[in-house]
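Spelled out, the chains give:
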Amino acid sequence: MVTRTAFERIVEEAISSLPEEFREHLENVVVVVEDRPSCKQREALGLEPHEDLFGLYEGVSLTRKSVESVEVPRPDRVWVFQEPIERACTSRKQMIREIQDTVVHEIGHHFGLEEDELEAIEDEYEYDDE
């Protein structure tokens, strides 16, 4: 278990490790760390009480946004949930890797990637080991 500040720092490092061509498209994305998903978020996803959620993307992916949209865009959100990640991990190294995978996965949704595409990326994505 780590402090919220340390957890947020790992999330920030995961975002910073993304290639620049991806980071430059994240100006309208807010990354939020919370202890756990809200009841409303769990209900919207149809999660059972025993199911954990490490992260969530809320917004309209870049592939679905229209340049003709008249609405003022509100920031998309990437949620990262600390408690479920910590419960699932048995070491700090494993926790860091899970945070990195979660950040890449949820930001991938921002780019319009589907689950199977995200799994392939996660398998190939390289991180610096501590």
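The rules behind these values
- Residues numbered from 1 in each chain as written.
- Predicted model: local features only at pLDDT ≥ 70, side-chain atom pairs only at ≥ 80, totals over all residues.
- Heavy atoms only, no water.
- Salt bridge = Lys/Arg side-chain N within 4 Å of Asp/Glu carboxyl O.
- Helix = DSSP H or I, 4+ residues; strand = E, 2+ residues; numbered from the N terminus.
- Buried < 20%, exposed > 50% of the residue type's maximum accessible area, 1.4 Å probe, protein only.
- Expected span 1.5 Å × (residues − 1).
- Contact = heavy atoms within 4.5 Å.
- Core = buried A, V, L, I, M, F, W, Y, C linked by side-chain atoms within 4.5 Å.

S.K.: Sorry, what's going on with the pattern of salt bridges here?
M.R.: Where charged atoms of side chains with opposite charge meet at close range, the side chains can pair. Scanning all chains against the criterion turns up 5 salt bridges. The salt bridge partner of arginine 4 is aspartate 35, with a shortest N-O separation of 2.3 Å. With arginine 4 in helix α1 (residues 4-16) and aspartate 35 in the loop between β1 (29-34) and α3 (39-45), this pair connects stretches of sequence that are 31 residues apart. Between arginine 87 and aspartate 52 there is a salt bridge, and its shortest N-O distance comes to 2.8 Å. Within this pair, whereas arginine 87 is found in helix α4 (residues 82-88), its partner aspartate 52 is found in the loop between α3 and β2 (55-58), the two being separated by 35 residues in sequence. Of the residues examined, aspartate 52 reaches a relative accessible area of 41% and is grouped as partly exposed.

S.K.: Looking at this structure, I do not really get α1. What am I missing?
M.R.: Since the α-helix turns once every 3.6 residues, residues separated by three or four places project in the same direction. With 13 residues, α1 should reach 18 Å at 1.5 Å per residue; the first-to-last C-alpha distance of 18 Å fits that figure. Elements that come into contact with the buried residues of α1 comprise α2 (20-23), β1, β3 (76-81), α4 and α5 (92-110).

S.K.: Is there a simple way to explain the nonpolar core in this structure?
M.R.: Residues Phe7, Val11, Val80, Met95, Ile99, Val103 and Ile107 are the most contacted members of the largest nonpolar core, which totals 23 residues. Contributing elements (two or more residues each) for this core: α1, β1, β3 and α5. Excluding residues within four positions of it along the chain, isoleucine 107 makes contact with Ile15, Leu18, Leu26 and Val78. Core analysis: the next-biggest nonpolar cluster, separate from the first, contains 5 residues, Val32, Leu56, Trp79 and Phe81 among them.

Nothing here speaks to function; it is all geometry.
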